[in-house]
Amino acid sequence: MSTVLPVKTPDFLDALHSRVLIGDGAMGTQLQGFDLDVETDFLGLEGCNEILNDTRPDVVAQIHRAYFTAGADLVETNTFGCNLPNLADYNIADRCQELAYKGTRIARTVADELGPGRDGMRRFVLGSMGPGTKLPSLGHAPYLDLKTYYREAALGMVDGGADGILIETAQDLLQVKAAIHGCQEAFAEVGYRLPIVCHVTVETTGTMLLGSEIGAALTALEPLGIDMIGLNCATGPDEMSEHLRYLSHNAQIPVSVMPNAGLPILGKNGAEYPLKPAELAASLKTFIEEYGLAMVGGCCGTTPEHIAAVHTMVTGGITPAERTTPDSDAVSSLYTSVNLTQDAGVTIIGERTNANGSKAFREAMLAGDLETCVDIAKQQTRDGAHMLDLCVDYVGRDGRGDMAALASLLATSSTLPIMIDSTEPDVIQAGLEHLGGRCAVNSVNFEDGDGPGSRYQRIMQLVKTHGAAVVALTIDEEGQARTAEKKLAIAERLITDITENWGLDESDIIVDTLTFPISTGQEETRRDGIETINAIRELKARHPRVHTTLGLSNISFGLSPAARQVLNSVFLNECVAAGLDSAIAHSSKLVPMNRIEDRQREVALDMIYDRRRDGYDPLQTFMDLFEGVSAAEAKDARAEALAALPLFERLSQRIIDGEKTGIETDLDAAMAEKSPIDIINQDLLGGMKTVGELFGSGQMQLPFVLQSAETMKHAVAYLENYMEATDDSGNKGTMVIATVKGDVHD
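Caption draft 1: Spotlight on the overall build of the protein. The helix and strand inventory of the protein stands at 27 helices and 22 strands. By the compact-globule yardstick of 27 Å for 746 residues, the protein fits well, its C-alpha radius of gyration being 30 Å. Burial status across the protein gives 55% buried among its 746 residues. Across the protein, the fraction of contacts at a sequence separation of at least 24, relative to all contacts at a separation of at least 6, is 75%. On the protein, roughly 30700 Å² of surface is accessible, and the fraction owed to carbon and sulfur atoms is 49%. Each charge class in the protein can be summarised by its mean position, and for the 60 positive and 107 negative side chains these summaries are 2 Å apart.

Next up, the structure:
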């Protein structure tokens, strides 16, 4: 069960929710203003500011005192480098906890000596944790090693009297995860927790150093149990505005910012920060009024003078914007966030990175050919999948080793979030410790109960710790649920336990109501399709924020490939209509409804809904329809039907079907009757209009939309060779093209 630790002192969190807190400014650039000796003060460890907590506490205290005097409500400790990579560079990693304690103690002593601050409020101390010099997502340092030393630092900060922890200047989401988990392990050891604030650093490129968008960072970090999220370092406030806007509009927790004093410029003394105190205060005022920030301060180049200007601004009468944010509904890779529910269509979870479902992936994994495994994952991205189902479970293999190797590769080589698919808690843990994004875990169930030490509890503990979404199968101690009534009963039990005992939100749960083959001819399997559909419909009516998924291809097991394509596709369409949110599938095994012959679809529906009658068995009829027909022959039949259409109707249909083969020949013939621009406007765009309508109505899924778009692009590029420019004035003007973030065109 999930244990909620009490907050040591709630003052800091109370203040965050009642006023705008003022942070301090830079520590490093302030230290550079002192005449410090490399040998005497730094003990020969040039650049190791943390050693000053031992050798020159007076200097560190002077800086804290200056910021408090300038009007800061809180200061950060001089412990930015109290982590394994930084201290190991100086061969003093064993002093991590000691230096963290001493740095925190200095700040705590200054705060207590000065007494209450603004409006009698207690002065706060935040323990600073920097990113170190190693990026775990790139394999520079193991997650577990980083976590161990962050735990040491956190213990020192707790003992030294910190009011909270500030994990700042984050560049790698897996590093932040290690820091958060290190802190949480320290809190568990002492029996209470401190608030955790996370500040990520977004470069001038618009992403974190490894390419993470701000949406990916929020999706990955918020479920880990942090108390505030924000930005610091790398840029001045101007470059942070859009990222803060995103956080303000989407984060469920308070938002903060501590920018540099502008982008550094090269001056006579090296890097200089150009932003003046009044300019910083003006920018932060805008952020507070527009984005409702809860804490503001400064980073590199900011001074007590900057903080004094911010204090004057905050205390001069300012009204933070009211923030309203939507419910979170996403998973993420290292790079980007993906909603679990699509606005149109269904979330496709690529099934080919599964050793039990893909022969090609399994053979590559067994051969140690990880490059091919990654290529299979990338192909699913190109095919339009939204997530990847990663399963390495195979008899006789070290699943932990396979998962660690593949998860670490896919973390940086795939832009898609990962669904970790395993029955083994140790394998799931290995995956979670190599993936910085927010994963989904597939899966939990009640097969061996839900008591202490059960597989269910062990996996749920990992889900909770790593902030993952979780797939919950409708299986209990009696076995797999076959009827809608039983599926719903188990689903209700799962939802209740996961939300009440583990603290997850309903939107974190993905219920799999199970799919069984309806193709065996056995009487007990005949209603499996309709029972699953009915369960989905009722579950979504009762719990609209709970997600649903299915392992789609199970429904057609045992049929020929051509028959499976049709049955899978028709069943998916019916499930989506009932409320299905996602499906573990491969787009090459699906066909849009508009490409399925009416008779095939009709019989498939009769199978799904068990519409047998005297003299008619839809299963037998369905098998007869595909007798001797291969998937390739079915494709050839569709090609023949396409070729029989009139020329211009055929061109439109090629766009709808995403069929490039033969389109250039048809375009040549069409240009004998129409101009290229008329072909585009009348025939090709007519096809794309139909594609949009099919996608909007749920009859066409994203992978097929992308195929149509590629075919359209190919056709237009071909026709452009035959177009003549008609505007010879030389004035081309400007065209602005925009889309919505997260849209298929993004």
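Moving on, there is more to tell.
Caption draft 2: Looking closely at the sheet that holds strand S2 (residues 74–76). Strand order in this open sheet of eight strands is S1-S10-S7-S6-S5-S4-S3-S2, and the pairing throughout is parallel. The open sheet has two edge strands, strand S1 (21–22) and S2, and neither has a second partner. One ladder, built from three bridges, connects S2 with strand S3 (residues 124–129); its direction is parallel. Counterpart to Glu-76 in the pairing with S3 is Leu-126.

Caption draft 3: Molecular detail of the environment of Asp-343. Residue placement: Asp-343 occurs in the loop between strand S12 (337–339) and strand S13 (347–350). Overall, Asp-343 belongs to the exposed group, its relative accessible area being 85%. Taking C-alpha positions, Asp-343 is 40 Å from Ser-128, a pair spaced 215 residues apart along the chain.

Caption draft 4: A look at the sheet that holds strand S22 (residues 582–585). Strand order across the open sheet formed by eight strands is S21-S20-S17-S16-S15-S14-S13-S22, with parallel pairing between neighbours. The two strands at the open ends of the sheet, each matched to only one other strand, are strand S21 (547–549) and S22. Adjacent strand axes in the sheet meet at a mean angle of 30° when their direction is disregarded. Sheet topology places S13 next to strand S14 (residues 387–390); two bridges connect them, and they run parallel. Directly across from Gly-350, in S14, lies its bridge partner Leu-388. The strands touched by helix H15 (residues 399–413) are S14 and strand S15 (418–421); relative to S14, the strand with the most contacts, the crossing angle is about 165°. On the sheet, helix H17 (residues 455–465) packs against strand S16 (440–444) and strand S17 (469–473) and is oriented at approximately 165° with respect to S16.

Caption draft 5: Geometry of the packing of helix H4 (residues 57–70) against helix H12 (residues 304–315). Their axes nearest at 8 Å, the elements H4 and H12 cross at an angle of 25°. In terms of orientation, H4 lies roughly parallel with respect to H12. When the axes of H4 and H12 are compared, the crossing they make is right-handed. Of H12, the residues touching H4 (which contributes Ala-66, Tyr-67 and Ala-70) are Pro-304, Ile-307, Ala-308 and His-311. Tallied by class, the residues present in the contact of H4 with H12 amount to six nonpolar, one polar and no charged.

Caption draft 6: Structural view of the packing of helix H13 (residues 359–366) against helix H14 (residues 370–382). Running from N to C, H13 and H14 point in directions that differ by 155°, and their axes come no closer than 7 Å. In terms of their interaxial angle, H13 and H14 are classed as roughly antiparallel. When you trace H13 past H14, the crossing you get is left-handed. Between H13 and H14, the residues in contact are Ala-360, Phe-361, Ala-364 and Met-365 and Thr-372, Cys-373 and Ile-376, respectively.

Caption draft 7: Here's a closer look at the environment of Gln-480. Of note, Gln-480 is situated in strand S19 (residues 479–480). With relative accessibility at 49%, the residue Gln-480 sits in the partly exposed group. Distance in space between the C-alpha atoms of Gln-480 and Gly-317 is 62 Å, their sequence separation being 163 residues. Ignoring anything within four residues of it in the chain, the contact list for Gln-480 reads Thr-474, Ile-475, Leu-514 and Phe-516.

Caption draft 8: Spatial organisation of the pattern of salt bridges. Scanning the entire structure with this criterion turns up 44 salt bridges. Between Glu-363 and Lys-359 there is a salt bridge, with the nearest N and O atoms lying 4.0 Å from each other. With a gap of four residues between them, Glu-363 and Lys-359 both fall in helix H13, about one helical turn apart. As a salt-bridge pair, Arg-397 and Asp-402 come within 2.8 Å of each other at their nearest N and O atoms. Under the relative-accessibility criterion, Arg-397 is labelled partly exposed at 32%.

Caption draft 9: Spatial organisation of unusual backbone geometry. At the junction of Asn-442 and Ser-443, the peptide bond is cis and its omega measures out at 25° in the coordinates. By the element assignment, Ser-443 lies in strand S16. Residues other than glycine seldom take positive phi values, yet Thr-169 does so here, at roughly 55°. You can see Thr-169 is positioned in strand S4 (residues 164–170). For Leu-514, which is not glycine, the phi torsion reads 75° and is therefore positive. One can find Leu-514 in the loop between strand S20 (509–512) and helix H19 (528–542). A residue is classified by how much of its surface remains accessible, and Leu-514, at 8% relative accessible area, is buried.

Caption draft 10: Molecular detail of the packing of aromatic side chains. A complete count under the given rule lists five aromatic pairs for this structure. Judged by centre distance (5.4 Å) and plane angle (75°), the ring pair of Phe-12 and Phe-124 falls under edge-to-face. Of this pair, Phe-12 sits in helix H1 (residues 11–16) while Phe-124 sits in strand S3; the two residues are 112 residues apart in sequence, bridging distant segments of the chain. Residue classification places Phe-124 among the buried positions, given a relative accessible area of 1%.

Caption draft 11: Region of the structure containing the pairing of S20. Burial along S20 is two-sided: Ile-509 and Val-511 facing one way and Ile-510 and Asp-512 facing the other are all buried. Alignment of S20 against S21, held across three bridges, turns out to be parallel. Opposite Asp-512, over in S21, you have Thr-549 as the bridge partner.

Caption draft 12: Broad picture of the side chain of Arg-654. With respect to the element layout, Arg-654 can be found in helix H24 (residues 647–657). Of the residues examined, Arg-654 reaches a relative accessible area of 8% and is grouped as buried. In terms of polar contacts, Arg-654 uses its side chain to reach the backbone carbonyl oxygen of Thr-661, at 2.5 Å. Every residue in contact with Arg-654, bar those within four places of it in the chain, is listed here: Leu-642, Glu-659, Thr-661, Gly-662, Ile-663, Asp-666 and Thr-711.

Caption draft 13: Region of interest: the pairing of strand S6 (residues 228–232). Among the five residues of S6, five are classified as buried, and the element is accordingly described as predominantly covered. Burial along S6 is two-sided: Met-228, Gly-230 and Asn-232 and Ile-229 and Leu-231, pointing in opposite directions, are all buried. In this sheet, S6 lies alongside strand S5 (residues 196–200) in parallel orientation, the contact comprising four bridges. Opposite His-199, over in S6, you have Gly-230 as the bridge partner. Between the parallel pair S5 and S6, the chain is carried across by helix H9 (residues 214–221), and the sense of this crossover is right-handed. Sheet topology note: the S6/strand S7 (residues 255–258) ladder contains four bridges and is parallel. Looking across to S7, one finds that Leu-231 is bridged to Val-257. For the handedness criterion, the β-α-β arrangement of S6, helix H10 (residues 241–250) and S7 is classed as right-handed.

Scoring rules and cut-offs
Residues numbered from 1 in each chain as written. Predicted model: local features only at pLDDT ≥ 70, side-chain atom pairs only at ≥ 80, totals over all residues. Heavy atoms only, no water. Helix = DSSP H or I, 4+ residues; strand = E, 2+ residues; numbered from the N terminus. Rg over C-alpha atoms; globule rule 2.2 N^0.38 Å. Buried < 20%, exposed > 50% of the residue type's maximum accessible area, 1.4 Å probe, protein only. Contact = heavy atoms within 4.5 Å. Areas by Shrake-Rupley, 256 points an atom, 1.4 Å probe, with all protein chains shown as cover. Lys, Arg positive; Asp, Glu negative; His and termini not counted. Charge placed at Lys NZ, Arg CZ, Asp CG, Glu CD. Pairing = 2+ DSSP bridges. Axes fitted to C-alpha atoms, helices over the stretch in contact; angles between N-to-C directions. Parallel < 35°, antiparallel > 145°, perpendicular 65-115°, else oblique. Left-handed = near helix turned anticlockwise from the far one by under 90°. Nonpolar A, V, L, I, M, F, W, Y, C, P; charged D, E, K, R; others polar. Salt bridge = Lys/Arg side-chain N within 4 Å of Asp/Glu carboxyl O. Phe/Tyr/Trp six-rings, centres within 6.5 Å; stacked < 30°, edge-to-face > 60°. Polar contact = N/O pair within 3.5 Å; in protein donor to acceptor, adjacent residues only side chain to side chain. Right-handed = clockwise from strand over helix to strand, strands pointing away.

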